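Spelled out from the first residue to the last, the chains are:
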Amino acid sequence: MCCRYAVVTGANRGMGLEICRQLASNGVMVVLTARDEKKGIEALEKLKENGLSDLVVFHQLDVLDPSTIASLADFIQTQFGRLDILVNNAAIGAITVDTEALKASTGVGLQYLLLLPFIQVLLPLLLLSDSPRIVNVSSTAGKLQYVSHEWDVGLLSDAENLSEDKVDEILTEFMKDFKEDHLETKNWPYLSLSIHLIESCHECLHEDTSEDTSILND
Ligand SMILES: NC(=O)c1ccc[n+]([C@@H]2O[C@H](COP(=O)([O-])OP(=O)(O)OC[C@H]3O[C@@H](n4cnc5c(N)ncnc54)[C@H](OP(=O)(O)O)[C@@H]3O)[C@@H](O)[C@H]2O)c1
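Since the model is a prediction, treat every value here as computed from it, not as a measurement. (Residues numbered from 1 in each chain as written. Predicted model: local features only at pLDDT ≥ 70, side-chain atom pairs only at ≥ 80, totals over all residues.)

Topic: the overall build of the protein
At step 1: Counting its regular elements, the protein contains eight helices and five strands.
At step 2: In the protein, the order of α-helices and β-strands from amino to carboxyl end is β-α-β-α-β-α-β-α-α-β-α-α-α.
At step 3: With 218 residues in all, the protein has 34% of them scored as buried.
At step 4: Of the contacts made within the protein by residues no fewer than 6 positions apart, 74% connect residues no fewer than 24 positions apart. (Helix = DSSP H or I, 4+ residues; strand = E, 2+ residues; numbered from the N terminus. Buried ≥ 20, exposed ≤ 12 C-beta atoms within 10 Å, placed from the backbone. Contact = placed C-beta atoms within 7 Å.)

Below is the structure:
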């Protein structure tokens, strides 16, 4: 049996698939996940052709679908009893946002677009590991240098005092201005960039900031 267990999201193609290949090549037991079962199984077959069949399994996962998240957590619990590495690679930033539905939503509303619910479900399994690690694959689009909205840049730049509550505060303010059509007048970056930024910030609260994980950022 191998010594470490990993989950990679959005792993049927691109960087996710390569991350699976490299983790398995280094002896890590990898759960290759994809929202489309057929695509995921095809990707698994590719890795099996490379002789990695003992170290890669497939499980369906749409990171925005709570039922698939729960099913994945059950699978990991049953098969491995813990999780050591979570690689958040799925490109949810590329999702087309239904702005009208978002405006009509109550509460913070953006939460469903974020990875937080997903991470929260897997966190108890990660906490069973001796050395849990969350790796977030992000984009330069989430960098604070592209944001001219002073209040949130101030809060987010203070990394030592950054908390989930502070990120939620920014998210709430953003949603308020979004619903009132004030994003432009209040200097928020355009919608998708704002989402990406907030998403990245939520991720940063849970990430290992050591140098070796940053290689996955572009
Ligand atoms: N490649 C770049 O130059 C670049 C630049 C900046 C940032 N990034 C970031 O790097 C990561 C990987 O990039 P990539 O170029 O390898 O991406 P990619 O080839 O576009 O693959 C994206 C993966 O995410 C999956 N995905 C999308 N929505 C999902 C959802 N709701 N649940 C589960 N999986 C979902 C896609 O599944 P389907 O096949 O079903 O669509 C696909 O497997 C992304 O997070 C991206 O934002 C990449």
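Looking at helix α2 (residues 37–49)
At step 1: Helix length check: α2, at 13 residues, gives a terminal C-alpha distance of 19 Å against a target of 18 Å (1.5 Å per residue), a fit within 8%.
At step 2: Among the residues of α2, Gly-40, Ala-43, Leu-44 and Leu-47 are the ones counted as buried. Axial view of α2: buried residues confined to an arc of 105°, hence all on one face. Pointing more than 90 degrees away from the buried face of α2 are the exposed residues Lys-38, Glu-45, Lys-48 and Glu-49.
At step 3: Considering only its buried residues, α2 is in contact with α1 (14–25), β2 (29–34) and β3 (56–60).
At step 4: Phi turns positive one or two residues past the end of α2, at Gly-51, with a value near 80°. (Expected span 1.5 Å × (residues − 1). Arc of directions from axis to C-beta.)

A word on the site of the ligand
At step 1: Near the ligand, the surroundings consist of 23 residues, among which Gly-10, Gly-14, Met-15, Ala-90 and Ser-139 are the closest.
At step 2: A per-element tally of the shell around the ligand places α1 first, with three residues.
At step 3: Looking at the shell around the ligand, its residues break down into nine nonpolar, eight polar and six charged. (Near = placed C-beta within 6 Å. Nonpolar A, V, L, I, M, F, W, Y, C, P; charged D, E, K, R; others polar.)

Topic: the sheet that holds strand β4 (residues 85–88)
Paired through their backbone hydrogen bonds, the strands of a sheet run either parallel or antiparallel.
At step 1: In spatial order, the strands read β3-β2-β1-β4-β5; together these five strands make up an open sheet with parallel pairing. Looking at which strands have only one partner, the edges of the open sheet turn out to be β3 and β5 (133–136). For this sheet the average axis-to-axis angle between neighbouring strands, irrespective of direction, equals 20°.
At step 2: Examined bridge by bridge, β2 and β3 share five bridges and lie parallel to one another. From the neighbouring strand, Thr-33 faces β3, where its bridge partner is His-59. (Pairing = 2+ DSSP bridges. Axes fitted to C-alpha atoms, helices over the stretch in contact; angles between N-to-C directions.)

Details of the environment of Val-31
At step 1: On the secondary structure map, Val-31 appears in strand β2.
At step 2: Accessibility expressed as a C-beta count within 10 Å gives 23 for Val-31, which makes it buried.
At step 3: Residues Val-31 and Cys-20, eleven residues apart in the sequence, show an inter-C-alpha distance of 8.0 Å.
At step 4: The residues contacting Val-31, other than those within four sequence positions of it, are Ala-6, Val-7, Val-57, His-59 and Ile-76.

What to know about α1
At step 1: A rise of 1.5 Å per residue sets the reference length of α1, with its twelve residues, at 16 Å; its end C-alpha atoms lie 17 Å apart and thus fit the reference within 8%.
At step 2: All buried positions along α1 are accounted for by Gly-16, Leu-17, Ile-19, Cys-20, Arg-21, Leu-23 and Ala-24.
At step 3: On the buried face of α1, the contacting elements are β1 (5–8), β2, α2, β3 and β4.
At step 4: Just past α1, the residue Gly-27 takes up positive phi, approximately 85°.

Focus on the environment of Thr-33
At step 1: Relative to the elements of secondary structure, Thr-33 occurs in strand β2.
At step 2: Beyond its immediate stretch of four places on either side in the chain, Thr-33 contacts Val-7, Val-8, Thr-9, Ala-11, Gly-40, His-59, Gln-60, Leu-61 and Leu-72.

Quick word on the pairing of β4
At step 1: Alternating residues of β4 divide into Ile-85 and Val-87 and Leu-86 and Asn-88, and every residue in both groups is buried.
At step 2: Bridge count for β1 against β4 is three bridges, and the pairing is parallel. When the bridges of β4 are listed, Ala-6 appears paired with Ile-85.
At step 3: Note that β4 and β5 share four bridges and pair parallel. The residue bridging Val-87 from the neighbouring strand is Val-135, located in β5.

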